[in-house]
Amino acid sequence: MAEKAIHLGGEATADAIVSAVDTMYSEHTFNEKDFALKHNDAEIAMDSNFAAQSFWKDVRVRFFRKKSAVLGLILVVFIVLLAAFGPGMNEYTYSGQELSQKNFAPRVQMLENFGIFNGDEKMSTTTGSKTVNAYVEKGKEDVYYWFGSDTYGRDIWTRTWEGARVSLIIAVAAAIIDMVIGMSYGLISGYFGGKVDMMMQRFLEVANGIPRLVIVTLLLLVLKPGMITIIFALMLTEWVGMSRIARAEMLKLKDQEFVLASRTLGAGSFFIIFKEVLPNIIGPIITQVMFSIPTAIFTEAFLSFVGLGIPVPQCSLGSLISELYNSFTTHPYQIIPPMVVMSLLMMSFNLVADGLREALDPKMKSM
């Protein structure tokens, strides 16, 4: 009897609970406002300094935060644009000669009205110094040479930017070829290790021990002097630094867990080298390429200066400096433009490379 009473009491209690819930829901009617989203972005106040963002976006932010790198990038873009369009900004060509207009001082429209770049040149003589204007003396008052003319009557403005174009093509082509060769050589050497690494490093030391000037001289005995010969010479000598950096990065990463996982899943050696390891060392590779471009520009200028560079009438910054060096004591304005352009070009690439090195290095993020 007691158990039956308890059972009946439990059923009554359950019925009462269900009845109370039905009454509660019937008294309240839901509408759209009950399901509206609460816009509490201001209350959350997420810290933007540590917000999630991609690696390359972080690199871009840190690069443009460095003022010297931005300045270098602006100079590089400015010089590249002038090298591309500068030779076509007047009616002269880089090889056209006008002997009746040789050794004309710089003269620029509009600026001559302010007493600068008006064609006046200060000459030193045995009795003192005097100011001459070849434009007036030869009746060429409607002629303008923005950087002046050389001893053959060629426009230095056109030749300077034509030379910058040639130097940039040589430097960038050599840097890209060296990147491909040196990167592949270093990655393969570091990955396989053992006897393969030892033999490849001994060959690298032998190749690095041969002087660059000897290689270039031997190449010029076989090949004709020109742009292709210089690129080939730089290709044979400038890949060593890239290979050493790639090998060091490979030795650091080849025992990491992601490489072991790929090997366990059956990935081949070259797949691991170029698909797994290479994307993780792209930062040091890009930095080394940017540093190798000014080195290639200087090497090309050195080879041209010693007479092993671009043949006439084609010109580069190095060949212009070598050619105009003979007129430095009599007409110093002629050598200044190629020297300034080459100096700014090398400095700007170094600034950009330095900025990329800091931006691509995760360890520099906290500094």
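Under an unreviewed UniProt entry, the name given to the protein is ABC transporter permease, and the source organism is Faecalibacterium taiwanense. Checking UniProt for the protein, the heading Sequence similarities (unreviewed entry) contains the comment "Belongs to the binding-protein-dependent transport system permease family. OppBC subfamily." The UniProt entry for the protein carries this comment under Subcellular location (unreviewed entry): "Cell membrane".

(A) Seen up close, the pattern of salt bridges. In total, this model carries 12 salt bridges according to the counting rule given. A salt bridge links Glu 323 to Arg 159; the shortest N-O distance between them is 3.3 Å. Highlighted residues: Glu 323 in helix H14 (residues 317-324) and Arg 159 in helix H6 (residues 156-192), separated in sequence by 164 residues. Across the pair Glu 249 and Lys 252 runs a salt bridge, and its minimum N-O distance is 3.4 Å. Of the two residues, Glu 249 and Lys 252 both sit in helix H10 (residues 240-253), three residues apart, roughly one turn of that helix. Overlapping salt bridges, with partners in common, bring together Lys 66, Asp 354, Arg 357 and Glu 358 in one network.

(B) Broad picture of helix H13 (residues 282-305). In a regular helix each residue adds 1.5 Å, so 24 residues correspond to 34 Å; H13 covers 35 Å between its end C-alpha atoms and thus fits that length. Phi turns positive one or two residues past the end of H13, at Gly 307, with a value near 90°.

(C) Examining the nonpolar core more closely. Of all hydrophobic cores here, the largest spans 56 residues; its most connected members are Leu 187, Ile 297 and Phe 349. No other element matches H6, which puts 12 residues into this core. Contact partners of Phe 349, with chain neighbours within four places excluded, come to Val 76, Leu 168, Met 290, Ile 293, Pro 294 and Ile 297.

(D) Spatial organisation of the packing of H6 against H13. Direction vectors running N to C along H6 and H13 enclose 135°, while the axes themselves pass 8 Å from each other. Taken together, the axes of H6 and H13 lie oblique to each other. For H6 against H13, the interelement crossing comes out right-handed. Of the residues in H13, those in contact with Ser 167, Ile 170, Ala 171, Val 172, Ala 175, Met 179 and Met 183 of H6 are Ile 285, Val 289, Ser 292, Ile 293, Ala 296, Ile 297 and Glu 300. For the contact of H6 with H13, a count of residues per class yields 11 nonpolar, two polar and one charged.

(E) Here's a closer look at the confidence of the model for the protein. Summing up the model confidence of the protein, the mean pLDDT is 83 and the portion of residues at 70 or higher is 83%. Contacts for the low-pLDDT stretch residues 1-9, under 50 throughout, to residues beyond four places or in other chains number zero contacts.

(F) The arrangement of the side chain of Asp 197 in detail. Tracing the chain through its elements places Asp 197 in helix H7 (residues 194-209). Given the relative accessible area of 11%, Asp 197 is considered buried. Engagement of the side chain of Asp 197 in a polar contact is seen with the side chain of Ser 189, the distance being 2.3 Å. With near-sequence residues (within four places) excluded, Asp 197 lies in contact with Ser 189, Gly 190 and Arg 247.

Conventions and cut-offs
Residues numbered from 1 in each chain as written. Predicted model: local features only at pLDDT ≥ 70, side-chain atom pairs only at ≥ 80, totals over all residues. Heavy atoms only, no water. UniProt positions renumbered as here; feature names shortened; annotations may be inferred. Salt bridge = Lys/Arg side-chain N within 4 Å of Asp/Glu carboxyl O. Helix = DSSP H or I, 4+ residues; strand = E, 2+ residues; numbered from the N terminus. Expected span 1.5 Å × (residues − 1). Core = buried A, V, L, I, M, F, W, Y, C linked by side-chain atoms within 4.5 Å. Buried < 20%, exposed > 50% of the residue type's maximum accessible area, 1.4 Å probe, protein only. Contact = heavy atoms within 4.5 Å. Axes fitted to C-alpha atoms, helices over the stretch in contact; angles between N-to-C directions. Parallel < 35°, antiparallel > 145°, perpendicular 65-115°, else oblique. Left-handed = near helix turned anticlockwise from the far one by under 90°. Nonpolar A, V, L, I, M, F, W, Y, C, P; charged D, E, K, R; others polar. pLDDT = per-residue confidence, 0-100. Polar contact = N/O pair within 3.5 Å; in protein donor to acceptor, adjacent residues only side chain to side chain.

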